[in-house]
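Structural overview
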Amino acid sequence: MQIAAQIIRYRKKNGWSQEDLAEKVGVSRQSVSKWESASSMPDLDNIIRLADIFKITTDELLKADTTYNSADNDNQEPHTPRLSMEDANRYVDGKVQSGNLTARGVMLCICSIVPLFLFLADTDQYIAPFLDGLGEIIGVISILIMVGTAIRFFIKTNRYESAIKQVEEYEVTFDYAVQNRMSEALESFRETYNQKLSLGIFLFITSSAPLMLVSSMGASYLILPMLSLLIVMVAIGVFIIIPASAQYNAYKTIIDSAIPPNQETKLTLIAEKLGAVYWPFVVTIYLGWSFWTMDWGRSWIIFPVAALLFTTIVGLINLFDKKD
């Protein structure tokens, strides 16, 4: 059906996703997906709305345009490869498997300090007497073993590099049928993604509660065990969120493969790259300051301050980028 191709053409020419167009028309994203896959046709009112939104006449929307290929050369390179469903499945599987390996490695790196903290706690209460004096050595050895294992997981992600690079580092698009199929997969996965994201955020938020509780009670001998619990809860949250986010973003990448990046997308990429370095640095400062002062009841203030500073930095980067 010609109108399906025309809707796809003008939507992508304006750089809109299916969600963007659905919001402008006042329908659901599934309706736009069905129009573009030719499984249904918009009614007369929606055809008029679409023509107004695209700033064309209804005749242009309903009739074939013989100059379609040459007219769109400014928006898409003529030699841009169009990938198949098999390529899409390879990409999604690569992102998921790479996300699982990355999550395991990150979790091990985060938890690597936990054994040392436990051994540094009150040995008379937490460690068998025959280990007294060896706790620090065992803790350091455990760090080396866990970090070494994590590095192995990170290295294993290379096996999925070609499938991921094919989509993310080169100018490609997917067949319309592939994009619609991935839209359906995204919708079925969205609830699971929201549940995992909520659980991970809940663990992040509540992880400091036991530590703050023992600090307020003055139970200093419980500081290190509760700090270990905090680290484990954060690690579990990371382990839950990373694979789910990888799968969700894989679907989104395929669905929006032909949409040029806008300023909002650029800002998101900037925040992701900066955050990968910024937040581990903040955690390092937090732990160093807390151990130096042993004032765990106040040192948590670094996180809201760091969040405000992070937002300011990203905003300034975006401002200068617009000026350039």
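Attention here is on the structure that accompanies the text. Please read these numbers as outputs of a predicted model, since none were measured by experiment. (Residues numbered from 1 in each chain as written. Predicted model: local features only at pLDDT ≥ 70, side-chain atom pairs only at ≥ 80, totals over all residues. Heavy atoms only, no water.)

Look at helix H7 (residues 85–111) against helix H12 (residues 176–206): their axes get within 9 Å of each other, and the N-to-C directions meet at 40°. Put simply, H7 runs oblique to H12. In the crossing of H7 with H12, the sense of the turn from one axis to the other is right-handed. Touching Met85, Ala88, Asn89 and Val92 of H7 are Ala177, Val178, Arg181 and Met182, all from H12. (Axes fitted to C-alpha atoms, helices over the stretch in contact; angles between N-to-C directions. Helix = DSSP H or I, 4+ residues; strand = E, 2+ residues; numbered from the N terminus. Parallel < 35°, antiparallel > 145°, perpendicular 65-115°, else oblique. Left-handed = near helix turned anticlockwise from the far one by under 90°. Contact = heavy atoms within 4.5 Å.)

Applying the stated criterion across every chain yields a total of three salt bridges. Its salt-bridge partner being Glu187, residue Arg29 comes within 3.4 Å of it at the nearest N-O pair. Here Glu187 lies in helix H12 and Arg29 lies in helix H3 (residues 29–36), a separation of 158 residues in the sequence. We note a salt bridge from Arg190 to Glu187, for which the minimum N-O separation is 2.9 Å. Of this pair, Arg190 and Glu187 both sit in helix H12, three residues apart, roughly one helical turn. (Salt bridge = Lys/Arg side-chain N within 4 Å of Asp/Glu carboxyl O.)

Looking now at the environment of Leu21. Tracing the backbone through its elements, the reader meets Leu21 in helix H2 (residues 18–25). For Leu21 and Val32, which are eleven residues apart along the polypeptide, the C-alpha to C-alpha distance reads 7.5 Å. When neighbours within four sequence positions are excluded, Leu21 is seen to be in contact with Ile7, Arg11, Trp16, Val32, Leu50, Ile53 and Phe54.

None of the figures reported here should be taken as evidence of function without further support.
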